[in-house]
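Overview (structure and organization)
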Amino acid sequence: MAFRSLEPSSCDTFVALPPATIGNRIIFGKNSDRPSDEVQEIVYFPAATHSPGEKVECTYIEIEQVPETYAVVLSRPSWLWGAEMGANEHGVCIGNEAVWGKEEVHDEEALLGMDLVRLGLERADTAEKAVTVIVDLLDKYGQGGNCMESHMAFSYYNSFLIADRKEAWVLETSRKYWAAEKIGEGVRNISNQLSITTKIDREHPGVRSYATSQGWWNGKKEFDFAATYSYVNTARMTTTRGRYCEGYKLLKEYEGHITAETMMAILRDKESGINMEGSFMTTGSMVSIIPQDQNLPCIHFFTGTPDPERSVFKPFIFVPNINQLLKTSSPVFGPEDPVKQQPRFQTKPDRRHELYKKHESAVHLIESSTEKGKIIIEQIQKLEKEKISQMETILQNGHLDADQVVHLFSNCTEEEISAYA
C-alpha cells in the first residue's frame, strides 16, 4: 500500500464563469502545492502529427500516441512527463488535485494524474472532450505510481477541473470509477477531497453498482458520489474550516466582479491556507483569462517559482513560431535521469532552471528585510501590473500582433530576472 501523509496536502483549483466575472470571461486559477524543494518548470510543446503505431513515453509507462496533438504550455514538476496544470491552443485549461477516499490507494506504476492533465490538453479541443480523453485513458491504463521524486512512495487518486471558452467540468476519480459535473455559470473550486455530490452529469457505468457491492450505497437513497466514495460529510463541505471551504468563501466574496487580478489575490492568500507554506508549499501558480469571444486570445499567466506572493505572474499567448521557454526549462538528464533508472529515485539531481535560481537568491534578500529586498518586491509588483495592463489593452482592442507576443513570456521572464539582479 502506498504511503501518504495523515494530513493530505496538495493544491487548490478555481474557476469563475459569467456572471461571476467581469467582461464575459472565464477565469481559471490554480496553486500547485508540492514538496518545498521540488522545482516547477514552465515548458511549451508545439502541435505535432504522429505516425501510426507511434508510442508516447509518459512518466512511468508507454501508451499509444494519437495522430495529432495540440500545442500546450505546462507548469510541471521538472522530474516528470505530465503537468500539474496547463493550457492548450484551443483555450482548454486543466488542473488536478490529489484525493483519497474509501478505495485503497496502491502505488503500482500506471498513469499519474499529472500525465492525464497533459494528455487531456494534448488531445482535446473542448473541456468535455478532455473529460472523455481522461476517463478513456483511465479505463485503459489505470492511475497509479509515486507522485513524488523520492524513494518514499506517495500515491493518490485524482480530481480535475477543466475549463474552456464555454463551460467548465469537474471530474473526480476513485481508482477507475469516476463522476463528472458540468459548470455553466458562477464559481467552483476543488481541493483535496471529493466534492461532486448529487449533481452528476456524466459517470462511470459501474460507479453505482460497485458502490453497492462494497456496501457503501444501498441503491435506494439518492446517489451522492462524494459521500459514497469518501468519508466527507457533504452537508458540511462548504461550512467547515479547510482549504476547500476557504477557497469557496473567497470565490463567493468576489463573485460578480472576478478578474485575473482577483484570482491572483486568491492564490496569494496565506490566511486561508490557499498559498501554502511549510514542507509542502505552493511551488507554482497559474491564472488564465479565457474570453467567451472566439476572436479574442486566451491569456495564461504562470509564475514558475514558489510562493505567488513573491513571484510574478507572466503572460503567455498561443501564436505561431513560439520557441521553447529556456529560462524556465529545467536541465534534461535523458536515460541517465534517476527517475528512469531502476530502482528509481536513488539520487536527486539539481533541476533548478535559471529563473528558479535567481528567484531563490532574491527570496533570501526579501526574507532578511533588507532595503534591497524591499526594492525587489516593488520591482516585481510593478512588472506584473504592467503586464496585466498590456494584456487588458489587447483584450479591449481586440487586436493581437503575433510578432509582438511570440516572445511575450520569455521577455517577461528576462525582465523578472533583471529585477532580481
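Residue numbers here run from 1 along each chain, matching the order of that chain's written sequence. Per-residue local features of the predicted model are confined to residues with pLDDT of at least 70, and side-chain atom pairs are confined, for both listing and counting, to 80 or more; whole-chain, interface and lining totals are unaffected and use all residues. Note that the side-chain values use all heavy atoms of the structure and ignore hydrogens as well as water.

1. A short note on the packing of aromatic side chains
Side-chain rings of Phe, Tyr and Trp, where Trp is taken by its six-membered ring, are said to pair if the distance between their centres is within 6.5 Å; with planes under 30 degrees apart they count as stacked, over 60 as edge-to-face, and otherwise as tilted. If you walk through the whole model with that rule in mind, you get 14 aromatic pairs. A ring pair is formed by Tyr 177 and Tyr 210, whose centres lie 4.3 Å apart and whose planes are at 15°; its orientation type is stacked. Remark: Tyr 210 occurs in helix H3 (residues 207-213) and Tyr 177 occurs in strand S13 (residues 177-183); sequence separation between them is 33 residues. A connected cluster of aromatic rings, assembled from ring pairs, spans Tyr 177, Tyr 210, Trp 216, Phe 225 and Tyr 229. In this structure, Lys 102 is placed above the aromatic ring of Tyr 231, and the distance from its NZ or CZ to the ring centre is 5.9 Å. Cation placement over rings: the criterion is NZ of Lys or CZ of Arg within 6 Å of the ring centroid and within 35° of the ring normal. Taking NZ or CZ as reference, Arg 118 lies 4.2 Å from the ring centre of Phe 45, over its face. What counts as a helix is a DSSP run of H or I of at least four residues, what counts as a strand is a run of E of at least two, and both are numbered from the N terminus.

2. Points about the sheet that holds strand S14 (residues 186-190)
For two strands to be treated as a pair, DSSP must find no fewer than two bridges joining them. Strand order in the open sheet formed by six strands is S14-S1-S2-S16-S17-S18, with antiparallel pairing between adjacent strands. Of all the strands in the sheet, the pair left with one neighbour each is S14 and strand S18 (314-316). Each neighbouring strand pair of the sheet contributes to a mean axis angle of 15°, computed without reference to strand direction. Bridge count between strand S17 (residues 299-302) and S18: three bridges; the pairing is antiparallel. To obtain each axis, a line is fitted to C-alpha atoms, and for helices this fit is confined to the stretch in contact; angles are then taken between N-to-C directions over 0 to 180 degrees.

3. Looking at the sheet that holds strand S11 (residues 157-163)
In space, the eight strands of this open sheet follow the order S3-S8-S9-S10-S11-S12-S13-S15, with antiparallel pairing throughout. Taken across any chain shown, the strands that pair with only one partner, and hence form the sheet edges, are strand S3 (40-45) and strand S15 (202-203). Here three bridges tie strand S9 (residues 85-88) to strand S10 (residues 93-99), and the two strands are oriented antiparallel to one another. Each bridged residue has a counterpart across the sheet, and for Gly 86 the counterpart in S10 is Ile 94. Strands S10, S11, strand S12 (168-174), S13 and S15 of the sheet are contacted by helix H2 (residues 127-141), whose axis makes an angle of about 15° with S12. Throughout, a contact is declared for two residues whenever any of their heavy atoms are within 4.5 Å.

4. Some details on the packing of helix H1 (residues 113-123) against H2
Running from amino to carboxyl end, H1 crosses H2 at an angle of 130°, the nearest separation of the two axes being 9 Å. With respect to H2, the axis of H1 lies oblique. In this structure, H1 crosses over H2, and the sense of that crossing is right-handed. The segment H1 lies against H2, with Leu 116, Leu 119, Gly 120 and Arg 123 engaging Ala 130, Val 133, Ile 134, Leu 137 and Leu 138. Of the residues assigned to the contact of H1 with H2, the class counts are seven nonpolar, one polar and one charged. These descriptions rest on fixed angle ranges, namely under 35 degrees for roughly parallel, over 145 for roughly antiparallel, 65 to 115 for roughly perpendicular, and the rest for oblique. Should the near helix be turned counterclockwise from the far one by less than a right angle, the crossing is left-handed, whereas a clockwise turn marks it as right-handed. Three classes are used, and their members are as follows: Ala, Val, Leu, Ile, Met, Phe, Trp, Tyr, Cys and Pro are nonpolar, Asp, Glu, Lys and Arg are charged, and the others, Gly among them, are polar.

5. Describing helix H5 (residues 243-254)
With twelve residues, H5 extends 17 Å between its outermost C-alpha atoms, agreeing within 8% with the 16 Å of an ideal straight helix rising 1.5 Å per residue. Within the sequence span of H5, burial applies to Arg 243, Tyr 244, Cys 245, Glu 246, Gly 247, Leu 250 and Leu 251. Where H5 is buried, its residues touch strand S1 (12-17), strand S2 (25-35), S14 and helix H6 (260-267). Gly 256 lies just past H5 and shows a positive phi near 105°. Multiplying 1.5 Å by the helix residue count minus one yields the expected span of that helix. Exposure classes here rest on a 1.4 Å probe applied to the protein chains alone. A residue is buried below 20% of its type maximum, exposed above 50%, and partly exposed in between.

The values are spatial; any link to function lies outside them.
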